[in-house]
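Breakdown of the fold
Spelled out from the first residue to the last, the chains are:
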Amino acid sequence: MGSADNARAEIEHFALESQHGAISRKQALDAGMTAAQIDRRLRRQQWLPSGSRGWYVLAEQAADPLAALSAATRAMAGPAWVASALALFELRPHPTVPMVASDRDHAGPNVQRVHVTRLAQLPRTVVDAIDTVTAAVAVVAAGRWLRTDVELHLLIDSAIRNGATSWAEVERVLQYFPRRGRAGSTRMRLVLADHGVDPALPLSDWGRQFVAGIIDAALPRPLMEYRVLDRSGRLVAQVDAGYPDHRYAIELDSRAHHLTVEAFERDRQRDGDLAQIGWMVRRFTWRQWHERRPWVVATIKADLEHRATAPGAARPTHRQSTPG
């Protein structure tokens, strides 16, 4: 094997091990490959265009979205941005083309370049050997593209549940975004204010969607993941949504978590424990919420009106749930 072949083998190994199969023409030349050798790899489709100018992808890695993203971030000397960053943190699927934040204007035909003010000041990290903004930056910036506050809240919930970020980090990152002129930062400030009202982290997206729907229906806001304690301070149950002043709990039953024999028995035991300290439990299924929402809302409204007059309703034996 000649020196050029050795150089090819070494740079291809490096590309696979360190860059998800992405390789630049400059890297290949600097490693000792000849221009003719590079062009021959391209003609034989052993190297394929990455979508970023001057960068290629080894053919066996062409289907891996990390290969194109690795090439894009290196070609643009910028971090993965929003859609691509969220994908790196396993919060969203990879976009069709990489999204990169950069001041350079020669992104290439298949890279979405985003100009970001004060990019150098934004917190960054490395995930899977790819430069990216942090998850907190990505979710704050995502507010500009998401349609509703609920979608943004759900995204943050997911990021916190999988350990990618925290509410405190999101709040710190927000200082880098202008208070005006950015729909994303404005929406995030509203979401943070809402978080201050109920800091609990729902265990599922349905919990967040349910509470948003209840508020939209002009009913009082329940507290998510509410921890009900007895008079001695012992935890009786953590309910999906609770109205402590009414001693009224709502449980959201899904097939995934509530249809086994063990879950059925456990749920009824908890309902009985809550009843013993004066709480009423109402259960709704996913299907009822999505197909019979007016009935669900009417049921909760009637229950709250009844519980408001129940003996001891204004003296709950409870404590508020701790933040997620």
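The coordinates are above.
These figures come from a predicted structure and were not determined experimentally.

This part takes up the overall build of the protein chain. The helix and strand tally for the protein chain stands at 14 helices and eleven strands. Among the 324 residues that make up the protein chain, the fraction classed as buried is 48%. With an accessible surface of roughly 16400 Å², the protein chain has 50% of that area assigned to carbon and sulfur atoms.

Residues spaced three or four apart along an α-helix point in a common direction, a consequence of the helix completing one turn every 3.6 residues. Relative to the 16 Å expected for twelve residues at 1.5 Å per residue, helix α10 (residues 205-216) spans 17 Å between its end C-alpha atoms, a close match to the ideal helical length. Residues of α10 that are buried include every one of Trp206, Gly207, Arg208, Phe210, Val211, Ala212, Gly213 and Ile214, and no others. Looking one or two residues beyond α10, the residue adopting positive phi is alanine 218, at roughly 70 degrees.

Within the largest apolar cluster, 46 residues are counted, with the highest numbers of intra-cluster contacts made by Trp81, Leu86, Ile156 and Met188. Counting residues per element, the ones that place at least two in this core are α4 (65-76), α5 (82-88), β4 (99-101), β7 (130-133), α6 (135-142), α7 (149-161), α8 (167-173) and α9 (183-197). The greatest single-element share of this core, amounting to eight residues, is contributed by α6. Not counting the four nearest positions on each side in its chain, methionine 188 is found in contact with Val139, Val140, Leu152, Ile156, Val170 and Leu174. Formed by 18 residues, the second largest nonpolar core is a distinct cluster that contains Trp206, Val211, Leu219 and Tyr243.

A few words now on the sheet that holds strand β1 (residues 22-24). Spatial strand order, β1-β3-β2: three strands in an open sheet with antiparallel pairing. Either end of the sheet is taken by a strand with one partner, and the two such strands are β1 and β2 (47-49). Strand after strand, the sheet turns through a mean of 45 degrees between neighbouring axes, direction not considered. In the sheet, β1 pairs with strand β3 (residues 55-58) via three bridges, with the strands oriented antiparallel. Looking at β3, one finds that alanine 22 is bridged to valine 57.

With that settled, the discussion passes to the pairing of strand β6 (residues 124-127). The pairing of β6 with β7 spans four bridges and is antiparallel. Residue valine 127 lies in a different strand from β7, and its bridge partner there is isoleucine 130. Count of turn residues in the β6/β7 antiparallel hairpin: two residues, of which aspartate 128 carries a positive phi of about 55 degrees.

Conventions we followed
Residues numbered from 1 in each chain as written. Predicted model: local features only at pLDDT ≥ 70, side-chain atom pairs only at ≥ 80, totals over all residues. Heavy atoms only, no water. Helix = DSSP H or I, 4+ residues; strand = E, 2+ residues; numbered from the N terminus. Buried < 20%, exposed > 50% of the residue type's maximum accessible area, 1.4 Å probe, protein only. Areas by Shrake-Rupley, 256 points an atom, 1.4 Å probe, with all protein chains shown as cover. Expected span 1.5 Å × (residues − 1). Core = buried A, V, L, I, M, F, W, Y, C linked by side-chain atoms within 4.5 Å. Contact = heavy atoms within 4.5 Å. Pairing = 2+ DSSP bridges. Axes fitted to C-alpha atoms, helices over the stretch in contact; angles between N-to-C directions.

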